[in-house]
Amino acid sequence: PRFAFVVYSNEIGNKPLFAVQISNKRNGVRIKNVWTRNRLFKIREDKSRNPAIITEEPHYLGRVPIIEYPANNARLGSFEIVLSLLDAINAAFSDLADGREQFINALMIIKGADITDEQIKQVRELGGIKVPTDGDVKYLVSELNQTQNGETINLMIDTMLEIVGMPKRSGGSGGTSDNGIAVILRDGFADAEARASDTERIFKKSENELLRIALRICNAKRGMKLQLSSVEPHFTRQNTDNLLAKVQALTTMLASNKIHPRLAWQLSTLVSDPESAYTISQEYEQSRIEQEEQLLAESVSVHLDGDDV
């Protein structure tokens, strides 16, 4: 993203108009490749940034070949929305460290006695001092409340994690009998999954645009006849959470004669590629049926041969 950008139309649909890819040379020269739907322009900029078109040539892709993958609709980074909270957490930790340092390096006040610098050094080495009866020795300190500040920092961290949809590491209180679903809901794993699903939906649009260009190249270079519907992008994530419930839901739906097995695999969310799982399962089921029929035919043949004897 530092060396490439895409310019979109402000009309309905916001189609990409052109994209620019920048290359910086060692001698200070900058080369810009400007891609439109059917042409490529190479622009050279010298040190004074005077642009000049070097070459202009057509391309057969039919689309702008630089594709943007936004993380969200706001086009913000995952932690960009909580930068102020992160700065506040950093400042709070810094204040805690400053408070400890000020407490350790506190000034000593000696009342009722006049001592020299050399005697002060002896006090530090010996760890004690003799003062008159009406004298007093104390440290000038104002201790920062570590407990309250720690609670404030933990609250800011929890708020930051909730905003960005990141699971917590602390977990619940000890001695609880939480099951898997309770932990997922309590510690923020459900929020993380929801954020990942939103990002997956946005990425899928960009991935389909990439597939259109890749398939066009494959069809033109290798004579293939693939279409966008021939390829489906999948974003694999760990689906083992709440595994028992997913397996039970899948087996229940597969046992029903009113639900298609393909829908059962999709609705159970047991695997990230339900279409592939359905195909493999159907092939396995068909081979199992064929083996059973073959064994049954062999047993009948043996039985008939025994009757003849």
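Everything quoted here is computed from the prediction, not taken from an experiment.

**Q** Can you walk me through the packing of aromatic side chains in this structure?
**A** Working definition: an aromatic ring pair is given by the centre-to-centre distance plus the angle between the planes. Evaluation of the coordinates by the stated rule reveals one aromatic pair. Judged by centre distance (5.4 Å) and plane angle (80°), the rings of Y69 and F203 are edge-to-face. Here F203 lies in helix α5 (residues 189–222) and Y69 lies in the loop between β5 (51–58) and α1 (83–104), a separation of 134 residues in the sequence. For Y69, a relative accessible area of 31% gives the class partly exposed.

**Q** Explain the pattern of salt bridges here, please?
**A** Between side chains of opposite charge, a pair can form as their charged atoms come close. One pass over the structure, following the stated rule, counts eight salt bridges. Its salt-bridge partner being E285, residue R288 comes within 2.6 Å of it at the nearest N-O pair. Placement of the pair is R288 and E285 together in helix α8 (residues 274–308), with a separation of three residues, close to one helical turn. Relative accessible area serves as the criterion here: at 28%, R288 is assigned to the partly exposed category. With relative accessibility at 31%, the residue E285 sits in the partly exposed group. Put simply, R63, E209 and R212 are held in one network by salt bridges that share partners.

**Q** What am I meant to see in the pairing of β5 here?
**A** When a strand is regular, its side chains alternate between the sheet's two faces. Where strand β4 (residues 39–45) and β5 come together, seven bridges link them in antiparallel fashion. Paired with I43 across the strands is I53, a residue of β5. Turn length for the β4-β5 hairpin, with the two strands adjacent in sequence and antiparallel, is five residues, and the turn residue R49 shows positive phi of about 60°.

**Q** When you look at the sheet that holds strand β2 (residues 16–24) in this model, what are you seeing that I'm missing?
**A** Sheets are built from strands that pair by backbone hydrogen bonding, the pairs being arranged parallel or antiparallel. Reading across from one edge, β1-β2-β3-β4-β5 is the order of the five strands in this open sheet, with antiparallel pairing throughout. Where the open sheet ends on each side, the last strands, each with one partner, are β1 (4–8) and β5. On average, adjacent strands in this sheet sit at an angle of 20° to one another, irrespective of strand direction. Sheet topology places β2 next to strand β3 (residues 30–35); six bridges connect them, and they run antiparallel. Each residue of the ladder has a partner; that of V20, found in β3, is V34.

The rules behind these values
Residues numbered from 1 in each chain as written. Predicted model: local features only at pLDDT ≥ 70, side-chain atom pairs only at ≥ 80, totals over all residues. Heavy atoms only, no water. Phe/Tyr/Trp six-rings, centres within 6.5 Å; stacked < 30°, edge-to-face > 60°. Helix = DSSP H or I, 4+ residues; strand = E, 2+ residues; numbered from the N terminus. Buried < 20%, exposed > 50% of the residue type's maximum accessible area, 1.4 Å probe, protein only. Salt bridge = Lys/Arg side-chain N within 4 Å of Asp/Glu carboxyl O. Pairing = 2+ DSSP bridges. Axes fitted to C-alpha atoms, helices over the stretch in contact; angles between N-to-C directions.

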